[in-house]
Each structure stands twice: as C-alpha cells, then as structure tokens.
Amino acid sequence: MKEERIKETVKLQIEMIHLLHKNFSKAFHQTGNSPYSLNKNQNKAILIIGGVGEIMPTNLGKCLDLQKGSLTSMIDALEREELVCRRGDPGDRRKILVSLTEKGKAYREWFTEELEKNYSEVLNRLDEEDIAAYRESLKTILDTLKKLDGTA
C-alpha cells in the first residue's frame, strides 16, 4: 500500500514540476529593467541567501544543485557585483559564510517585487477560490518539504 502511494506521489510530483516550470519559469525570467544581468541560478542564490541571512557555500550548492566549481564561479561573480560577501565563521575558522551586502539586499527586494508582479499576472487567471486552495496546497507542500529536510 505504501509503495503504491509513493509511486503515485512521484508521478504527481513529476507532473507538478513540469507545470510549475511551464507556468512560472517564464515569469521568473521576465523581470523588468534589472540593475544587474544575473542568470537564473544567481537570482535563486540571492533569494536563498537573503532568506536565511547567511549560508555556507556547500549548503547553497545543495540548494541549487551546483557542483563546487560552478558554485565558486557563481559566488565570485556575485561578489564582483558587490551583491554578496564571504566571511569566516567566528565559531569555526575553517568555514566560510556567504551573505548579502546592502546592494544585495536592495536587489533581492527589487527582484522579489518583480516576481510578485509577474506571478500575480499568472495567478490572476484563477478565481479567488482557486487561489485560496492553491495557497493552502503550497503551505501543505512546504510543511512536508520541511519535514523531509528536517527543519520542521
């Protein structure tokens, strides 16, 4: 019984990922007059780092599914743009932490507003009842993902 539910869940997740990309990825790329020409992974990194405050590069790489070399290049590029900074972890000198600079925080705020506008255009195709149901479903999915991650 559990195996059948898992199989069905995997199929639903694959279909969901496809539809999420189809409906929302375009909105993710259609931001207005950006002060920076960041790629998709750089924008995702800005959102992730800003959401947690500071993060070790290894954990950021896991979130973005990037190999160490690609991750280092990406962080270097964001550092050149003065959007992120690296600093040593005061609790463990072997660790490096990445955080947003003031410019990075301002960019994240601007980018989040742009995403909100673009996502709103997509979601406006639904009626209020469907939007409420979608929002509740997202909350459930987020709670489940946090359990899988061990952060719930």
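This text follows the structure it describes.
Heads up: these notes are all about the structure in this document. (Residues numbered from 1 in each chain as written. Predicted model: local features only at pLDDT ≥ 70, side-chain atom pairs only at ≥ 80, totals over all residues. Heavy atoms only, no water.)

### Observations regarding the sheet that holds strand 2 (residues 84-89)
Strand order in the open sheet made by the 3 strands is 1-3-2, with antiparallel pairing throughout. In the strand order of this sheet, the two ends are held by strand 1 (54-55) and strand 2, each with one partner. The pairing of strand 2 with strand 3 (residues 92-100) spans 6 bridges and is classified as antiparallel. Looking at strand 3, one finds that Arg-86 is bridged to Val-98. (Pairing = 2+ DSSP bridges. Helix = DSSP H or I, 4+ residues; strand = E, 2+ residues; numbered from the N terminus.)

### Concerning the layout of surface pockets
Its boundaries defined by the atoms lining it, the largest pocket holds a volume of some 2000 Å³. In terms of lining residues, the largest pocket is bounded by 38 residues, among which Met-16, Leu-20, Leu-138, Ile-141 and Leu-145 are the most central. Among the residues forming the lining of the largest pocket, the class breakdown is 21 nonpolar, 11 polar and 6 charged. A volume near 180 Å³ is recorded for the second largest pocket. Forming the boundary of the second largest pocket are Pro-57, Thr-58, Gly-61, Lys-62, Leu-66, Gln-67, Lys-68, Leu-71, Thr-72, Ile-75 and Arg-86. Listing elements by their share of the lining of the second largest pocket, those giving two or more residues are helix 3 (57-64) and helix 4 (68-80). (1 Å grid on protein atoms, 1.4 Å probe; cavity = no way out; pocket = protein on both sides within 12 Å on 5 of 7 lines; lining within 4 Å. Points joined across faces, edges and corners; volume = space filled by probe spheres on them. Nonpolar A, V, L, I, M, F, W, Y, C, P; charged D, E, K, R; others polar.)

### Re the state of the cysteines
Evaluation of the coordinates by the stated rule reveals 0 disulfides. With no disulfide of its own, Cys-85 lies 18 Å from the sulfur of Cys-63, the closest cysteine sulfur. Classification of Cys-85 as partly exposed rests on a relative accessible area of 28%. (Disulfide = S-S within 2.5 Å. Buried < 20%, exposed > 50% of the residue type's maximum accessible area, 1.4 Å probe, protein only.)

### Regarding helix 4
Along an α-helix, a turn takes 3.6 residues, which lines up residues three or four apart on a common side. Taking 1.5 Å per residue, 13 residues should reach 18 Å; helix 4 reaches 18 Å between its end C-alpha atoms and fits that length. Here the buried face of helix 4 lies against helix 2 (40-52), helix 3, strand 2 and strand 3. Phi for Glu-82, located one or two positions after helix 4, is positive at around 65°. (Expected span 1.5 Å × (residues − 1). Contact = heavy atoms within 4.5 Å.)

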